[in-house]
Amino acid sequence: MEGNRYWPHAIDFITISVRGVIFMCFSLSLYLDKFHIMAQSVSDFLIDRLHEWGVRRIYGYPGDGINGIMGALNRQKEKVDFVQVRHEEDAAFMACGHAKFTGEVGVCLATSGPGAIHLLNGLYDAKMDHQPVVAIVGQQARAAMGGSYQQEVDLANLFKDVAHEFVHTATLPAQMRHLIDRAMRIAKTERTVTCIIIPNDIQDLDYEEPARQHGTVHSGMNYSKPSIIPKLADLQKAASILNSGKKVAMLVGAGAMMAADEVIMVADLLGAGIAKALLGKAVLPDDLPYVTGSIGLLGTKPSWDLMMECDTLLMIGSSFPYSEFLPKEGQAKAVQIDIDGKMLGIRYPMDVNLQGDSKETLQALIPLLTRKEDRGWRKQIEHSVAEWWEVLEARAMKSADPINPQRVFWELSKRLPDNCILTSDSGSSANWFARDLKIRSGMMASLSGNLATMCPGVPYAIAAKFAHQDRMPIALVGDGAMQMAGNNGLVTIAKYWQTWKTPRLMILVLNNRDLNQVTWEQRVMEGDPKFEGSQDIPDFPYAKYARMLGLEGIKVDKEDDIGEALDNALSANRPVVLEAYTDPNVPPLPPHISFKQARMFASSVIKGDPNTWEMIKQTYKDAIESYLPHHSK
Ligand SMILES: Cc1ncc(C[n+]2csc(CCOP(=O)(O)OP(=O)(O)O)c2C)c(N)n1
Ligand SMILES: [Mg+2]
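What this report covers is the structure whose coordinates are included nearby. Remember, predicted model here, so these are calculated numbers, not experimental data. (Residues numbered from 1 in each chain as written. Chains lettered and ligands numbered in written order. Predicted model: local features only at pLDDT ≥ 70, side-chain atom pairs only at ≥ 80, totals over all residues. Heavy atoms only, no water.)

Moving on to the pattern of salt bridges. Following the criterion strictly, the structure yields 27 salt bridges and no others. Of the charged contacts, one joins Arg177 and Glu209 as a salt bridge, the two residues approaching to 2.6 Å between their closest N and O atoms. Placement of Arg177 in helix α7 (residues 176-190) and of Glu209 in the loop between α8 (200-203) and α9 (232-244) is noted, with a sequence separation of 32 residues between them. Linking Arg523 and Asp609 is a salt bridge whose minimum nitrogen-to-oxygen distance equals 2.8 Å. One end of the pair, Arg523, is in helix α18 (residues 516-526); the other, Asp609, is in the loop between α22 (595-606) and α23 (612-627), with 86 residues separating them in the sequence. The residues Arg523 and Asp609 share a single accessibility class, namely buried. Each member of the salt-bridge network shares a partner with another, and the members are Arg407, Glu411, Lys414, Arg415, Glu559 and Asp567. (Salt bridge = Lys/Arg side-chain N within 4 Å of Asp/Glu carboxyl O. Helix = DSSP H or I, 4+ residues; strand = E, 2+ residues; numbered from the N terminus. Buried < 20%, exposed > 50% of the residue type's maximum accessible area, 1.4 Å probe, protein only.)

A few words now on the coordination of the magnesium ion (ligand 2). Octahedral metal centres with six donors ideally show angles of 90 or 180 degrees, and tetrahedral centres with four donors ideally show 109.5 degrees. Each protein donor to the magnesium ion (ligand 2) is listed here as Asp479 (OD), Asn512 (OD1) and Asp514 (O); together their distances run 2.0 to 2.1 Å. Here the donor residues of the magnesium ion (ligand 2) are spaced in sequence according to D-x32-N-x1-D. For the pair Asn512 and Asp514, a shared accessibility class is recorded, and that class is buried. (Donors = N, O, S within 2.8 Å, 3.2 Å for Na, K, Ca; no water.)

Moving on, we get to the sheet that holds strand β2 (residues 81-84). Within a sheet, each strand pairs with its neighbour through backbone hydrogen bonds, oriented either parallel or antiparallel. Overall, parallel pairing links the six strands, which are arranged β2-β1-β3-β4-β6-β5 in an open sheet. Because the sheet does not close on itself, it has two edges, and the strands there are β2 and β5 (167-169). Averaged over all neighbouring strand pairs, the angle between strand axes comes to 20 degrees, with direction disregarded. Bridging between strand β4 (residues 133-139) and strand β6 (residues 193-199) involves seven bridges; their strand directions are parallel. Paired with Val137 across the bridge in β6 is Ile197. With respect to the sheet, helix α3 (residues 67-75) is in contact with β1 (57-60), β2, β3 (106-110), β4 and β6, its orientation differing from that of β3 by roughly 130 degrees. (Pairing = 2+ DSSP bridges. Axes fitted to C-alpha atoms, helices over the stretch in contact; angles between N-to-C directions. Contact = heavy atoms within 4.5 Å.)

Here the focus is the site of ligand 1. In the vicinity of ligand 1 lie 16 residues, with Ser428, Asp479, Gly480, Asp514 and Asn516 positioned nearest. Interatomic distance of 2.7 Å between a side-chain N/O atom of Asp479 and an oxygen atom of ligand 1. Contact distances for ligand 1 include 2.9 Å between an oxygen atom and a backbone N or O atom of Ala481. Starting from 580 Å² of accessible surface for ligand 1 in isolation, the protein chains cover 78%. Of all the elements in the fold, those that place two or more residues in the shell around ligand 1 are α17 (479-496) and α18. For the shell around ligand 1, the per-class residue count stands at five nonpolar, nine polar and two charged. (Near = heavy atom within 4 Å. Polar contact = N/O pair within 3.5 Å; in protein donor to acceptor, adjacent residues only side chain to side chain. Areas by Shrake-Rupley, 256 points an atom, 1.4 Å probe, with all protein chains shown as cover. Nonpolar A, V, L, I, M, F, W, Y, C, P; charged D, E, K, R; others polar.)

In this section: the side chain of Thr582. Mapped onto the secondary structure, Thr582 falls in the loop between β18 (576-581) and α22. Leave out the neighbours within four places in its chain, and Thr582 touches Pro402, Ile403, Pro405, Val408, Leu510, Asn511, Asn512 and Arg513.

What follows concerns the pairing of strand β8 (residues 273-276). Where burial is concerned, the two faces of β8 agree: the one with Gly273 and Ala275 and the one with Ile274 and Lys276 are both buried. Bridge count for strand β7 (residues 248-252) against β8 is four bridges, and the pairing is parallel. The residue bridging Met250 from the neighbouring strand is Ile274, located in β8. At this point the chain moves from β7, through helix α10 (residues 260-270), to the parallel β8, and the crossover so formed is right-handed. (Right-handed = clockwise from strand over helix to strand, strands pointing away.)

Helix length check: α9, at 13 residues, gives a terminal C-alpha distance of 18 Å against a target of 18 Å (1.5 Å per residue), a fit within 8%. Among the residues of α9, Leu235, Ala238, Ala239, Ile241 and Leu242 are the ones counted as buried. One face of α9 carries all of its buried residues, which in axial projection span an arc of 160 degrees. (Expected span 1.5 Å × (residues − 1). Arc of directions from axis to C-beta.)

The subject of this paragraph is the nonpolar core. Soluble, globular proteins show a tendency: their nonpolar side chains are buried together. If you look at the biggest cluster of nonpolar residues, it comprises 56 residues, and the most contacted ones within it are Cys108, Leu119, Leu123, Val137, Phe159, Ile493 and Ile507. Once residues lying within four places of it in the same chain are set aside, the contact partners of Phe159 are Ala116, Leu120, Leu123, Val137, His164, Val167 and Cys195. Counting residues in hydrophobic clusters, the runner-up holds 38 residues, among them Leu298, Ala430, Ile474 and Leu508. (Core = buried A, V, L, I, M, F, W, Y, C linked by side-chain atoms within 4.5 Å.)

The next point concerns the sheet that holds β8. What the six strands build is an open sheet, ordered β9-β8-β7-β10-β11-β12; its pairing is parallel. The open sheet has two edge strands, β9 (291-294) and β12 (352-355), and neither has a second partner. When strand polarity is set aside, the average angle formed by the axes of neighbouring strands in this sheet is 15 degrees. Direction of pairing for strand β11 (residues 333-338) relative to β12: parallel, over a ladder of four bridges. Of the residues in β12, the one forming a bridge with Val335 is Val352. Along the sheet, helix α13 (residues 376-397) contacts β7, β8 and β9; its crossing angle with β9, the most-contacted strand, is approximately 50 degrees.

The subject of this paragraph is the environment of Val266. Following the sequence through the fold, Val266 ends up in helix α10. Under the relative-accessibility criterion, Val266 is labelled buried at 0%. Note: C-alpha distance between Val266 and Pro367 (101 residues apart in sequence) is 9.8 Å. Leave out the neighbours within four places in its chain, and Val266 touches Met250, Leu314, Leu362, Ile366 and Leu369.

Okay, structure coming up:
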């Protein structure tokens, strides 16, 4: 009995000791974990490795397919920033926008099944505009795969087209290193989309380095862009064609973005005019007198004339697709420069195809060119450019009900802040972006050039702001695109704007209650009247909605108020939605109206277009401007 008196003390002692040991183990594990002495999880390794590759921001949305990765992002916040979007498509658009406005790889993250599927449209946008984007997606646990499990989608197959250069599923931790290294490097070298699929159970396993044995892969990091210059003999052939041409036309695209000085030098030597493909809008400022502006359906008349009358074509870094806007086959001798051999000689039967970096290739070409003494062709181009700007101004000043969209863009053009970053959506705004905005040196601009999808305008602007926090992005977006996704993008802006170094960001919404670009396409291409059931869209209070979210919201519905509304929007102390109530009857006319298009348009009128009278009035006003004499000052 005597001994029983000590038992309670002994039990207390044991309990305290066990607790102490547990506490010490826990503290030790935290310590080891902090200094990576203990094994790292696959997810932590992923974030670490991406960080080492230079990734500082990931756009995404959570789900149980990627909870392990989310945990690692939370633990490593100081290394890689996670930006939460409203829809995975926006994450992919933002990754693409990041790539477009920084030249770096954009990264987006989505959960298995539905999240991964939502990424697709944004990824195709990146792929088609040749942007390096890595998509990381979750997948069901390895043991469930092939079991028709919930949210189990054959992701490798789903992404096989959009990420055909590289899409792989991790099946073991030791694979992670080379999957990340390859996804990053291939995205950069091929300027395309790559994808890593990571089953959710792998994400929490300990990362393992590949064993040094047969059947393992030991990859490394780094990539530097090489110098790619064509052979001298090919440069000489190209120079001889360009030197013998009398009327040289140049066409530049996004691939010439880093070669502005060289493009100008070549144009000066050759006495050439320069048209810009949509994605090449920011290559050259529009105040150069021989820059004819955009080309194509959204383009200008001087670009059209340049191509129709030239005898020589030099195309640099562009895959502009519409052959009817290029010289007729046989009309011109032609030279193309592109970094990507696959893109050579597919738009026009070129006499010389030069595979190379545009800047370095032009630098090598310049010493072989002789200055054209006859400047008549150049003068002719400059005259037509000066006249065209007057036509555009006159078109912009024509009244409409209640506001002529061209007037908004014309007034915006004069007020564009230095170094702003312009993004446009696909819709009538792309026409006015392409034609009416005079871009200046130092600005950037992009849109969905090849996929021409609706909805990248707002997410591109958000990505531009995250990447360049002291600059002002300006998104130009239709009301259809706002209702499809843009309004939700405003919620993302409301969530983050106070974390930005400067708050300035503007979304210009063209509220025309219409899917206007397509309404006009139906009229001009099909000869059909407007189908109100498919084209009319509900009105929505965009500016008011912005104010509800704590942003600035300004609505303008009188032409005389446009200037002041723009001044207020551009100087707002928070992100701003400027809603312009515009007239859908102002036609985004192609630069030349072909006989077929005119006939189709007439047919839509005869078939009883509901807006016949207003439409004819506005079309007449714009078309007539092209034929009135405008005298260059
Ligand atoms: C995702 C997607 N759906 C449909 C289209 C076809 N489309 C191109 S422009 C356009 C109209 C856009 O309307 P809105 O955003 O209101 O701009 P608006 O032309 O009226 O200025 C449509 C439907 C597309 N390009 N992308
Ligand atoms: Mg619209």
